[in-house]
Amino acid sequence: MASLTIRKLDDAVKTYLRLRSAKNHRSVEEEVRVILRELIEGREEPLTPFAVPSPAPTPQRTGALAEASVTLIIGGGIAAYKSLDLIRRLKERRIEVRCVLTKAAQQFVTPLAASALSHERVYTDLFDPQSEFDAGHIRLARDCDLIVVAPATADLMAKMANGHADDLASAILLATNRKVLLAPAMNPLMWTNAATRRNLAQLQRDGVVLIGPNAGEMAEAGEAGTGRMSEAIEIANAAERLLRPPMPKPLAGKRVLITAGPTHEAIDPVRYIANRSSGKQGFAIAAAAQAAGAEVVLVSGPVDIDDPPGVTVKHVESARQMLEQVKAALPTDVAIFAAAVADWRVANEGEQKLKKTAAGMPPLQLVENPDILATISKLADKRPRLVIGFAAETEHLIDNAKAKFARKGCDWIVANDVSPATGVMGGDRNTVHLLSRKTGAPDGEIAVDSWPAMTKEQVAIELVAQIAKSVTGKSLESAS
Ligand SMILES: Cc1cc2nc3c(=O)[nH]c(=O)nc-3n(C[C@H](O)[C@H](O)[C@H](O)COP(=O)(O)O)c2cc1C
């Protein structure tokens, strides 16, 4: 069977996989497995790059929408009763379970109980004409994401270590190319016996993963020691860790500052100048950077969105307050200025509510606000290593963004068209262009990378992926 290297895929496919896997809280490799399984099962998931990922399926009784599947081999030990609970624990985690019971296991639990709990047929016999007409033991060995052996008896471990295949369980274990998780359970003397030690060492060399055994009281009266099978929850958690490795954290140890939302510039105590920024894009970037492991400070103007969990949020009103909080947050490794900061404020802010008078409208004099992006980009001391500005334009998007790039002294500009027809301001989707200096090109040459229309969350994930690559050299799929 050929293997697949994610790194070697097209950039568009990698980006799609990265976005989809991040959205579904899976590793990229796991996401590829899910996509292939969906294809085989005939689910119509759009496969075009940058399609909006569908939400994770709700728990299902049948396997069709389960996210992962396990072949659970139950060996002949007292602890087999705990494996019935294990079936339940795995299914709670949306893991489909197909059980195989050894002959000895059936002395401890019945196939009927395993079948009732797994909602699947249970397999017990290597020479079963019903399942072997198409080599059923090979299907049980390979049509799953993981094999769990619980309890793993001393006998099963010996068979595995020596490559036996004289019953269904051992034949599956010999024929599989999936990871195998063993939960040994046996008398402490069986566990410490030199033969079991040898078998265990061989199995570990073969790449088998072990959970337990734990120390404690044994079923045999008066006996205690190491040999108790791990609890069902421990085994289910270990299986889940193997099936769904934690998301990579390429920005771990990095500090990221983000500004978001509009600013409100007071005219008098009750009126202000504002803009239509919702803050959604900046908040999405803060959440994505936090998920990538960064320590995130978000300085936000007035918005109607909940603070992202795990992010330090500083709420401000005006551009001057925003600059103050931005400076207070330094030093950071990265600074992303996504806020729509008002360019001007009212010079003669009324101390009291302005009144209508016979003299007509009171004159509003405007003065320029501090330029937060330029100020931080040009800092001699404490300048973040990567400074990213946003250019919200309503016309001549790229030309205006290039001019802004030249003026501000930042490292990247994310340009987006915010003219009313695009629905970007306040909406959930965005079409952006990432401007950066061409590497190795003469001074001033700017590369423009135009991304397709995406949700603001997807833009955030992709931007964070680019940031991680630039700051740490790690990609979202390879970092750990
Ligand atoms: C009451 C009883 C309890 C047993 N408990 C265990 C056990 O916990 N672990 C173990 O390795 N063997 C245990 N055995 C021995 C196994 O059942 C025996 O080695 C059997 O051949 C294992 O078959 P299997 O590995 O195909 O399931 C027990 C036997 C009996 C009679």
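Residue positions are given per chain, counted from 1 along the sequence in the order it is written. Reporting in this predicted model follows two pLDDT cut-offs: at least 70 for local features of residues, and 80 or more for side-chain atom pairs to be given and counted; totals over whole chains, interfaces and linings ignore these cut-offs and use all residues.

The name an unreviewed UniProt entry assigns to the protein chain is Coenzyme A biosynthesis bifunctional protein CoaBC, from the organism Bradyrhizobium yuanmingense.

**Student:** In this structure, what is going on with the packing of helix H3 (residues 80-92) against helix H11 (residues 232-243)? I would like to understand it.
**Tutor:** Packed helices, taken two at a time, are described by their axes: the angle between them and the distance between them. Simply put, an axis is a line fit to the C-alpha atoms, just over the touching stretch for a helix, and the angle between two N-to-C directions goes from 0 to 180 degrees. Helix and strand assignments follow DSSP, with helices taken as H or I runs no shorter than four residues and strands as E runs no shorter than two, numbered in order from the N terminus. Relative to each other, H3 and H11 sit at 45°, their axes nearing to 8 Å. As summarised for this structure, H3 and H11 are arranged oblique, according to the angle between their axes. Note that H3 runs across H11; the crossing there is right-handed. Where H3 abuts H11, its residues Lys82, Asp85, Leu86, Arg89 and Leu90 lie against Ala232, Ile233, Ile235, Ala236 and Ala239. Residues are grouped as follows: Ala, Val, Leu, Ile, Met, Phe, Trp, Tyr, Cys and Pro are nonpolar; Asp, Glu, Lys and Arg are charged; all remaining types, including Gly, are polar. Classifying every residue of the contact of H3 with H11 by side-chain character gives seven nonpolar, no polar and three charged. Roughly parallel refers to an angle under 35 degrees, roughly antiparallel to one over 145, roughly perpendicular to one between 65 and 115, and oblique to any angle outside these ranges. The sense of a crossing depends on the near helix, which, turned anticlockwise from the far helix by less than a right angle, makes the crossing left-handed and, turned clockwise, makes it right-handed. Here, residues touch in the contact sense if the C-beta positions derived from the backbone fall within 7 Å of one another.

**Student:** What am I meant to see in unusual backbone geometry here?
**Tutor:** What is expected of a backbone is that most residues other than glycine have negative phi and most peptide bonds are trans. Here the amide bond leading from Gly212 into Pro213 is cis, since omega sits at 0°, within 30 degrees of zero. Relative to the helices and strands, Pro213 is located in the loop between strand S5 (209-210) and strand S6 (214-217). The step from Leu330 to Pro331 runs through a cis peptide bond, and the omega angle for that step is 5°. Looking at where Pro331 falls in the secondary structure, it is placed in the loop between helix H13 (319-329) and strand S13 (334-337). Unusually for a residue other than glycine, His119 sits at a positive phi of about 60°. Following the sequence through the fold, His119 ends up in the loop between helix H4 (111-118) and helix H5 (129-132).

**Student:** For this particular structure, what's the right way to read the UniProt feature "binding site: CTP" (unreviewed entry) in the protein chain?
**Tutor:** UniProt positions are given in the numbering used here, feature names are shortened, and annotations may be inferred rather than shown by experiment. The UniProt entry lists Asp343, Lys353, Pro370, Asp371, Ile372, Leu373, Phe390, Lys404 and Lys408 under the feature "binding site: CTP" (unreviewed entry), expressed in the numbering used here. Within the fold, Lys353 resides in the loop between strand S14 (344-346) and strand S15 (366-368). Counting other C-beta atoms within 10 Å of a residue's own tells you its class, since 20 or more makes it buried, 12 or fewer makes it exposed, and anything in between is partly exposed; those C-beta atoms are placed from the backbone. Among the residues examined, Lys353 registers 10 C-beta atoms within 10 Å and is labelled exposed. Not counting residues within four places of it along the chain, the set of residues in contact with Lys353 comprises Asp268, Pro269 and Val270. With 15 C-beta atoms packed within 10 Å, Pro370 lands in the partly exposed category.

**Student:** In this structure, what is going on with the site of the ligand? I would like to understand it.
**Tutor:** Around the ligand lies a shell of 16 residues, among which Gly76, Gly77, Thr102, Ala104 and Thr153 are the nearest. The biggest single contributor to the shell around the ligand is helix H7 (residues 154-162), with three residues. A class-by-class count of the residues in the shell around the ligand yields 10 nonpolar, five polar and one charged. Near, as applied to residues and a molecule or strand, means the residue's backbone-placed C-beta atom lies within 6 Å of it.

**Student:** In this structure, what is going on with the sheet that holds strand S19 (residues 432-437)? I would like to understand it.
**Tutor:** Strand pairing in a sheet takes place through backbone hydrogen bonds and is either antiparallel or parallel in direction. One requirement defines pairing of two strands: DSSP has to find at least two bridges between them. Taking strand neighbours across the sheet as the criterion, the eight strands line up as S12-S11-S8-S13-S16-S17-S19-S20 in an open arrangement whose pairing is mixed. Each of the sheet's edge strands pairs with one partner strand only, and the pair in question is strand S12 (312-315) and strand S20 (446-450). Taken pair by pair, the neighbouring strands of this sheet meet at an average axis angle of 15°, ignoring direction. Where strand S16 (residues 386-393) and strand S17 (residues 412-417) come together, six bridges link them in parallel fashion. Looking at S17, one finds that Phe390 is bridged to Val414. Taken strand by strand, H13 contacts strand S8 (255-260), strand S11 (295-300) and S12, and its axis lies near 165° from that of S11.

**Student:** Got a minute to help me understand the sheet that holds strand S1 (residues 68-74) in this structure?
**Tutor:** Here we have five strands laid out as an open sheet, ordered S2-S1-S3-S4-S5, and parallel in their pairing. Two strands lie at the open edges of the sheet, namely strand S2 (95-101) and S5, each paired on one side alone. With four bridges connecting them, S1 and strand S3 (residues 146-152) associate as parallel partners. Bridge pairing in S3 places Ile73 opposite Val149. Sheet strands in contact with H4 are S1 and S2, and its direction is about 170° off that of S2.

**Student:** What is the right way to read the environment of Gly301 from this model?
**Tutor:** Note on placement: Gly301 falls in the loop between S11 and S12. Given 26 C-beta atoms within 10 Å, Gly301 falls into the buried group. Separated by 38 residues in the primary sequence, Gly301 and Ala339 place their C-alpha atoms 7.5 Å from one another. Dropping the residues within four chain positions of it, Gly301 is found in contact with Gly261, Pro262, Thr263, His264, Gly279, Val316, Glu317, Met322 and Ala339.

**Student:** I would appreciate a short explanation of the pairing of S1 in the present structure.
**Tutor:** Taken residue by residue, a regular strand's side chains alternate between the two faces of the sheet. Counting buried residues in S1 gives six out of seven residues, a clear majority hidden from the surface. As defined by bridge partners, S1 adjoins S2 across seven bridges and the pair is classed as parallel. Paired with Ile74 across the strands is Leu101, a residue of S2.

**Student:** Hey, could you run me through the pairing of strand S4 (residues 179-184) in this one?
**Tutor:** For S4, the buried fraction is high: five of the six residues fall into the buried class. Note that S3 and S4 share five bridges and pair parallel. Paired with Ala152 across the bridge in S4 is Pro184. With two bridges connecting them, S4 and S5 associate as parallel partners. Each bridged residue has a counterpart across the sheet, and for Leu181 the counterpart in S5 is Val209.

**Student:** In this structure, what is going on with H3? I would like to understand it.
**Tutor:** At 3.6 residues per turn, the α-helix brings residues three or four places apart onto the same side. Between the first and last residue of a helix there are one fewer steps than residues, each counted as 1.5 Å, and that sum is the expected span. The terminal C-alpha atoms of H3, which comprises 13 residues, lie 19 Å apart, in line with the 18 Å expected from a rise of 1.5 Å per residue. Within the span of H3, buried status applies to Ala80, Lys82, Ser83, Leu86, Ile87, Arg89, Leu90 and Lys91. If you follow the buried residues of H3, they end up packed against S1, S2, H4, S3 and H11. Positive phi appears at Arg94, one or two residues downstream of H3, with a value of about 60°.

**Student:** Would you explain the nonpolar core in this entry?
**Tutor:** Nonpolar side chains tend toward joint burial in soluble globular proteins. Of all hydrophobic cores here, the largest spans 68 residues; its most connected members are Ile258, Ile285, Ala288, Ala289 and Val464. Residue ranges assigned to the domains are those given by an automatic or database domain assignment. Each of domain 1 (6-40) and domain 3 (255-345 + 364-472) accounts for three or more of the residues forming this core. Other than its neighbours up to four places away in sequence, Ile258 contacts Gly282, Ile285, Ala286, Ala289, Val296, Leu298, Ile336 and Ala338. Counting 55 residues, the second-largest nonpolar core is a separate cluster that includes Leu86, Leu101, Ala154 and Ile235. As used here, a nonpolar core is made of buried Ala, Val, Leu, Ile, Met, Phe, Trp, Tyr and Cys residues. They are joined through C-beta atoms within 7 Å.

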